[in-house]
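The lines below spell out each chain.
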Amino acid sequence: MAKTTTPVAREAAVPAGAVAVVDLLNSRAHGSLGDKLDALESAAVVLRPFGQDDGAPSAARLDLVRAVRSDLLELVAAPDGEDRAGNWAALSGRAASVTFRQEFAAPGLVQLRQTGGDPVVGGIVGAVAALVAAGDWSRVRLCANDHCRGAFYDSSRSRTRRWHSYEFCGNRTNVAAYRARRQS
Ligand SMILES: [Zn+2]
């Protein structure tokens, strides 16, 4: 393959599953935003990437999704270095109704097909599992700006991004820190 002459992007593209998981985490009420799962229309948009059909999600499905979302939020909100085994166990328990089987289609082709449980919850569990298996779960984090706390996917090579957007949250934080230093 020919080498590209354009400058190499600092951040790789974010996988679709990661985008969907981040959107799910950000559907919670935070900042001035209400819970997107409270309205059927916005809930359907959040859940579509996980297999929600054109109809509205049922109350039972939304209850399950809220529970899984709060498990996932506890995982991403835990401070670095903290033992998260209990949180992963909680998620495993929550996802226990979701079952998959390996389906071999042709030599070299295998995929997991869901055989039990809510299909949308299965889609969420599958997306999280793919991130974990790829070693990319730790890229899902909450913005360091306390007024934001938006979830984001850190696609930087160094995995050290702290803000969901440097422009919106990073600069403001830097400016505030600079002002505080000058005042003291
Ligand atoms: Zn932010």
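Please read all numbers here as calculations on a predicted model, not as lab measurements.

The rules behind the values
Residues numbered from 1 in each chain as written. Predicted model: local features only at pLDDT ≥ 70, side-chain atom pairs only at ≥ 80, totals over all residues. Heavy atoms only, no water. Core = buried A, V, L, I, M, F, W, Y, C linked by side-chain atoms within 4.5 Å. Buried < 20%, exposed > 50% of the residue type's maximum accessible area, 1.4 Å probe, protein only. Helix = DSSP H or I, 4+ residues; strand = E, 2+ residues; numbered from the N terminus. Contact = heavy atoms within 4.5 Å. Donors = N, O, S within 2.8 Å, 3.2 Å for Na, K, Ca; no water. Tetrahedral: all angles 85-135°; square planar, octahedral: opposite > 155°, others 65-115°. Expected span 1.5 Å × (residues − 1).

Quick look at the nonpolar core
- Core analysis: the biggest nonpolar cluster contains 33 residues, and Leu47, Phe50, Leu72, Ile124 and Trp137 have the highest contact counts within it.
- Those elements that place two or more of their residues in this core are helix 1 (16-25), helix 2 (40-47), helix 3 (59-77), helix 5 (119-133), strand 3 (140-142) and strand 4 (151-153).
- Those residues in contact with tryptophan 137, other than ones at most four positions away along the chain, are Val21, Leu72, Leu75, Val76, Trp88, Val128, Leu131 and Val132.

Remarks on the coordination of the zinc ion
- Around the zinc ion, the protein contributes the donor atoms Cys143 (SG), Cys148 (SG), His164 (ND1) and Cys169 (SG), at 2.1 to 2.3 Å from the metal centre.
- Each of the four donor atoms around the zinc ion contributes to a set of angles spanning 101 to 124°, which defines the coordination as tetrahedral.
- Expressed as a motif, the donor residue spacing for the zinc ion is C-x4-C-x15-H-x4-C. We note that cysteine 143, like cysteine 148, is buried.

Regarding helix 3
- The end-to-end C-alpha separation of helix 3 is 26 Å, in line with the 27 Å expected for 19 residues at 1.5 Å each.
- Taken as a whole, helix 3 has its buried residues at Arg61, Leu62, Val65, Ala67, Val68, Arg69, Asp71, Leu72, Leu73, Leu75 and Val76.

Some points on unusual backbone geometry
- Positive phi is not limited to glycine here, since arginine 149 has a value of about 55°.
- Positive phi values are uncommon outside glycine, yet arginine 159 reaches one of about 55°.
- Checked against the element boundaries, arginine 159 lands in the loop between strand 4 and helix 6 (166-183).

Looking at the environment of leucine 131
- Tracing the backbone through its elements, the reader meets leucine 131 in helix 5.
- With relative accessibility at 6%, the residue leucine 131 sits in the buried group.
- As a C-alpha pair, leucine 131 and proline 15 span 116 residues in sequence and 9.2 Å in three-dimensional space.

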